[in-house]
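One-letter residues, chain by chain:
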Amino acid sequence: MKKALCFLLGLSLVFCLTACQKETPAPEKPVSEEGPPDAGTENAPAEDQAARPGLFWETGIAPVEYEMDWTVEGTAETYVLELTDPKYQGRAGGSEGNRAAAGWLAEQFSRVGLQKLPTLGSWKQTYQTTVTAVLPGEAFLVSPDGEETELKLGEDWVFRASPDAVDLTAPLSTDYALYSDGKAVWDAGADPKNASRKLCLITGDVSRGMPYTNANGTPSRVLVTDAVYGELKKDGYQLHLKLPDAVDEEGSAENVVGFLPGKDHTKAVVLGANFDGPGQCGPLLMPGAYNNASGVATLVQTAAWLAQAEELPCDVIFAAFNTEDSRQSGLAALSDHIAEQYAQVRMVNLKCLGWRGQPVTVYGTNSEAALRGSLAGGLGLQYADRDIASSAGASNQETVSSVTLFQDACLSDADITAALNTVYDTAGNLDHAMLDDIAKKLAAWVIERGDEPLTSYVVYW
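Residues numbered from 1 in each chain as written. Predicted model: local features only at pLDDT ≥ 70, side-chain atom pairs only at ≥ 80, totals over all residues. Heavy atoms only, no water.

### A look at the packing of helix α3 (residues 76–83) against helix α7 (residues 289–307)
Consideration 1: Axis separation between α3 and α7 bottoms out at 8 Å; the angle between their running directions is 135°. By the angle between their directions, the pair α3 and α7 is classed as oblique. As for the relative orientation of α3 and α7, their crossing is right-handed in sense. Of α7, the residues touching α3 (which contributes A76, Y79, V80 and L83) are A289, A293, S294, V296, A297, V300 and Q301.
Consideration 2: Looking at the contact of α3 with α7, its residues break down into nine nonpolar, two polar and no charged. (Axes fitted to C-alpha atoms, helices over the stretch in contact; angles between N-to-C directions. Helix = DSSP H or I, 4+ residues; strand = E, 2+ residues; numbered from the N terminus. Parallel < 35°, antiparallel > 145°, perpendicular 65-115°, else oblique. Left-handed = near helix turned anticlockwise from the far one by under 90°. Contact = heavy atoms within 4.5 Å. Nonpolar A, V, L, I, M, F, W, Y, C, P; charged D, E, K, R; others polar.)

Structure follows, in structure tokens:
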């Protein structure tokens, strides 16, 4: 069961690795904040949308009909704007800002009427993992005569968090011998293919920022402007780097977990979304609105609807996962905790939702067909038969099924992909009414169909 529960972890990791473009050019102008030309296109029939390979519409499953005759306080926009506030430092996993965001989320879970998960006895689940501290660094351009000119962080350069303190003065080079001896900074502009797992320098648009989080503890990456790079390529010029040790491989982070009891305590629906973000480098904040304040806002709004229901068909667990890309993710930590508590678990992950004018897709392989079909048909969404992660989702289908609500455009639209994990990933790109609509429909689906069996057929022996 533990292996199957970790399926969503694989999905989240691959989504992030695929969708987050590293040092790609920024959009020439901010993304338009105008709404889509036609409202509600995410629920339109296939013939009314441009066909995309691998996306389908569920047939033979009726839409959810449950009517919720109550209202909720707060909106998804309120939650997105809060989570993208600079005081949370881009929510880098385990950082001070990340912990503050976890505290705020715990307050929201309590405010909307959730309970603490009985087996935790707390709103937070602490676990050991790699964490990041948001710390400044220094860089200097060193001329042949030894004169140092300080480079402005956020204007001339930015960097990814370093797992070790660095105080190095060296030229750029692609000479393995020099690099191995600590006498050079790898010139990824000249040899990007061999830059992996090296302290390396690249060029690009510094103003767009770069992900500060370096949860896997790989060597730092430095991004400089073309002008700085041009100076460094001149004979005799060097770079003096002073980077802090900002990656703690023995740290701890926190999930935020809420709970609502249902009629059948042998079954559970787990609704989850990762709340950690790409972080902040100097003055450049990567707000992480789309990835993934959007999913967390939808999660909180769904919780608000369900907390007022008279009765739920089964237990419902609400999880704001942390450290999505770390060696130990929050999803894996929670999976370990609840692995033996339920005979049936249906998991729905919320990731990268609400980009204006883009449809939402239910991701899940044919091994998840019952849950995938129920969710896609019930909410009127397209689905993708895609095992993005691994075959883990095919294990233990008698007890666990998992799918992800996600926008296909996050993977396929170059403009959207280029905005991820940059200063351009802001709340202004999102249709918050879409997030509210998803939350209300998802809540209705849980009430009406949360306890459905994992298979859509009966096995006769």
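### Digging into the nonpolar core
Consideration 1: Counting residues in hydrophobic clusters, the biggest one holds 76 residues, and the most contacted among them are L105, L271, L306, F318, L375, L405 and W445.
Consideration 2: Looking at which element gives the most residues to this core, the answer is α7, with eleven residues.
Consideration 3: Among all residues touching L375, those that are not within four sequence positions of it are V348, V362, G380, V403, L405, L442 and W445.
Consideration 4: Ranked by size, the runner-up nonpolar core spans 38 residues in total, among them I202, L223, V224 and L241. (Core = buried A, V, L, I, M, F, W, Y, C linked by side-chain atoms within 4.5 Å. Buried < 20%, exposed > 50% of the residue type's maximum accessible area, 1.4 Å probe, protein only.)

### Examining the packing of helix α4 (residues 96–112) against α7
Geometry of a packed helix pair, given as the angle between the helix axes and the separation of the axes.
Consideration 1: In contact at an axis separation of 9 Å, α4 and α7 are set at 20° when each is read in the N-to-C sense. One element, α4, and the other, α7, form an angle in the roughly parallel class. In the packing of α4 onto α7, the handedness of the crossing is right-handed. Taken together, the residues of α7 that come into contact with α4 (itself represented by L105, Q108, F109 and V112) are V296, L299, V300, A303, A304 and A307.
Consideration 2: The residue inventory of the contact of α4 with α7, partitioned by class, reads nine nonpolar, one polar and no charged.

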